[in-house]
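Each chain, written out:
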Amino acid sequence: MLRIVVHAGFHKTGTTTVQTTLRANARLLKPHLRVFLRHRMHAVCESARIWSVSRNSEDMARFRNEAELLAASWNANDPRPILLASEDLAGRMPGRRNLTKYDAVPTLMRGLVETITQVHPDANLQLYFSTRAAAPWLASCHAQHLRAIRMVMDGEAYAESYRSSAKLDAVIQSVTDAVSPVSVSQCALETSSPKRLGPLTPLLDLLDPPAATRAQLLPQAAANPRYDPSILQALLDANRKYSDPDLLKAAKRAILSAAKNRDPH
C-alpha cells in the first residue's frame, strides 16, 4: 500500500530545519523514502499560495490540477513511502497579502486529500503539522516580516493585531474535520527541538525508516534563528524610513550583511 505523509506547515515552526535536515541526509534516506520538497512540487505550492489570497474557483481548480499531476507521477508499486514537506502547501502566512489567519488551510488540505485519493484510492494518507507556542511564534513571524516585507508595526503591535492567527490548534481541528477520516497529527516545536534530529523526529516516527538508517542521520542546526533585537529594530526603522523599494532593499541588505559579519558563528 502506498504511504503518503504531508507536512504542510505551519510557517515558523521548524519547517526549514526539517527540510534542511532532509536535504543533508538525502543519500541515506533515498533507498527508504521519496521526499518532495518545494522545488519538486513548485507548481502545487505556488498555486496553494495564490488561492490562499484570491479564494476564487479558478485558482482552486489550478491547485487541484497541479496536485493531480504530481500524484499521477508517483509509482504506486514503489514500496518507499512519500513525504511532501513544504509550509507553502498551507498557503501564505498570516501577515502577507492582507491575510490575518490560516483559514485557507482546511480547504487546501481537503482539496489535496481529495485529489490524491482520486489518483491513489488505496493510499494510506496522513497529514502532519508542526506547531509552536503563541508568543514565540508571533515573535518569529514578526521578525520574518521585518526582513521580507515592509512591516512597520513593532513586535507588540503585531502580536496584538495577529493574536488570533496563533491559534494553530484550532486550525488543525478544522483541518481534521475537513479531511476526516484521514489521520491528522501534530507536534509542538518546543517538544521536538530537544530531540537528536529536532523537528524532523515526529515525521520519522510516522515514516518509520530502518533504525540503522535513522541512527546514521545527521542533525542540522536550527535554520532561520531569530536576529538580535538591535537588528530587528534596525530593520523596523528601515521599513518605516524608506518607501522606495530599491532604497529599502539596499538598506536591509546592509543591515543583514553587517549582522552576518559580526556573528561569531
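Before any of the text, the structure's been laid out above.
Residues numbered from 1 in each chain as written. Predicted model: local features only at pLDDT ≥ 70, side-chain atom pairs only at ≥ 80, totals over all residues. Heavy atoms only, no water.

S.K.: Help me understand the nonpolar core, please; the structure alone is not making it clear to me.
M.R.: In a soluble, globular protein the nonpolar side chains are often hidden away together inside. Counting residues in each nonpolar core, the largest one holds 59 residues, and the members touching the most others are Leu84, Met109, Leu127 and Phe129. The leading source of residues in this core is helix 5 (residues 105-119), at 6 residues. What Leu127 contacts, discounting residues up to four positions off in sequence, is Val6, Met109, Val113, Val175, Val179, Val182, Ser183, Val184 and Ser185. Val18, Val35, Leu203 and Leu207 belong to the second-largest nonpolar core, a separate cluster that totals 18 residues. (Core = buried A, V, L, I, M, F, W, Y, C linked by side-chain atoms within 4.5 Å. Buried < 20%, exposed > 50% of the residue type's maximum accessible area, 1.4 Å probe, protein only. Helix = DSSP H or I, 4+ residues; strand = E, 2+ residues; numbered from the N terminus. Contact = heavy atoms within 4.5 Å.)

S.K.: Would you explain the side chain of Gln19 in this entry?
M.R.: The residue Gln19 is located in helix 1 (residues 15-24) in this model. The exposure class assigned to Gln19 is buried, which follows from its relative accessible area of 10%. For Gln19, the side chain forms a polar contact with the side chain of Glu87, separated by 2.8 Å. With sequence-adjacent residues up to four places away left out, Gln19 is seen in contact with Leu37, Ala85, Ser86 and Glu87. (Polar contact = N/O pair within 3.5 Å; in protein donor to acceptor, adjacent residues only side chain to side chain.)

S.K.: Mind showing me how you'd approach the packing of helix 5 against helix 8 (residues 168-179) here?
M.R.: The packing of two helices is summarised by the inter-axis angle and the distance between the axes. Running from amino to carboxyl end, helix 5 crosses helix 8 at an angle of 35 degrees, the nearest separation of the two axes being 8 Å. When you trace helix 5 past helix 8, the crossing you get is right-handed. Residues Val105, Pro106, Met109, Arg110 and Val113 of helix 5 pack against Val171, Ser174, Val175, Ala178 and Val179 of helix 8. (Axes fitted to C-alpha atoms, helices over the stretch in contact; angles between N-to-C directions. Left-handed = near helix turned anticlockwise from the far one by under 90°.)

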